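# Observations on chain architecture
The lines below spell out each chain.
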Amino acid sequence: MKISIAVIAHNEEFSISACIEALLAQSMKPTEIIVLLHNCTDNTKTIVQKFPVRTVECFEEGGIIVARARSIEACTGDIICCSDGDAWADRDWIKNITTPLREDAAVSIVGGYTKIQNSLFWKFSCWWQFVWNRKLWHKKHHAFAWGSNLAFRKKDYEKVSGLTPFLKIHKELELNYPAEDLYLSLALQRVGKISFATDAVIYTSMPPEKASLKAQKDIVAKQIEDNKKLFSFFKI
């Protein structure tokens, strides 16, 4: 079974090396690592080209939704694992994020445990979302994976037409954030079930402009608003 890693990066010259090095050091080696450079204007491309990965450039508008879609389209694997250029993976991430897909044909998407390192608020929020609500409570409204830490089968992605329909839906619902991960999680649950792998760990940091308590409250409020709109769209 071929495993592809799809990483999206926009001006990540200070973090992309750590991201790729962590993927190359995995205990389970992927078939390919795709790094999609989305409208990069810094040295990200130069840095990425020093590594044995496949580089894809994208200059389309549409933000993260388009970047995520194009990175997935570039993959040739049976299982696709998604992450971001400002995140770095635990050594067993690929093995652990793909285990439910390799062992259970009914699973259509897997979400891992993302740990934000530089904010106490977000450290607790991540634990609350990924461990308490998802793994322990199995709360339906928390049954989604984050874009920096998820995996699915390519054939299931194609069954739901990928992220293509979401470009129109996103505009119609007037969402605040990309929310491509929530959409994909809910869409893929129409063809299978979601599984959570708390041992599939990805680390990342909150950008400085989002680190203040006020910014964090605003982000959460807008995320909740977006979630309600998508849950309503999927009739959840």
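Quick note: structure is the one above.
In short, a report on the structure. Nothing here was measured: the structure is a model prediction, and the numbers come from that model.

## A short note on the pairing of strand S4 (residues 79-84)
- Of all 6 residues in S4, 6 are buried, a share of seventy percent or more.
- Along S4, one buried face is formed by Ile79, Cys81 and Ser83 and the opposite face, lined by Ile80, Cys82 and Asp84, is buried too.
- Two strands pair when backbone bridges link them, and S4 and strand S7 (residues 150-153) are joined in this way by 4 bridges, in the antiparallel orientation. The residue of S7 that forms the bridge with Ile79 is Arg153.

## Points about the packing of aromatic side chains
- Here the structure, examined in full by the defined rule, presents 5 aromatic pairs.
- Consider the rings of Phe152 and Tyr157, whose centres lie 5.3 Å apart with planes at 15 degrees: the pair is stacked. In this structure, Phe152 and Tyr157 share a single accessibility class: buried.
- Considering the side-chain rings of Phe166 and Tyr183, the 4.6 Å spacing of their centres and the 15 degrees angle between planes classify their relative orientation as stacked. Taken as a pair, Phe166 in helix H7 (residues 164-173) and Tyr183 in helix H8 (residues 180-188) lie far apart in primary sequence, 17 residues in all. You'll find Phe166 and Tyr183 in the same group, each marked buried.

What counts as what
Residues numbered from 1 in each chain as written. Predicted model: local features only at pLDDT ≥ 70, side-chain atom pairs only at ≥ 80, totals over all residues. Heavy atoms only, no water. Buried < 20%, exposed > 50% of the residue type's maximum accessible area, 1.4 Å probe, protein only. Helix = DSSP H or I, 4+ residues; strand = E, 2+ residues; numbered from the N terminus. Pairing = 2+ DSSP bridges. Phe/Tyr/Trp six-rings, centres within 6.5 Å; stacked < 30°, edge-to-face > 60°.

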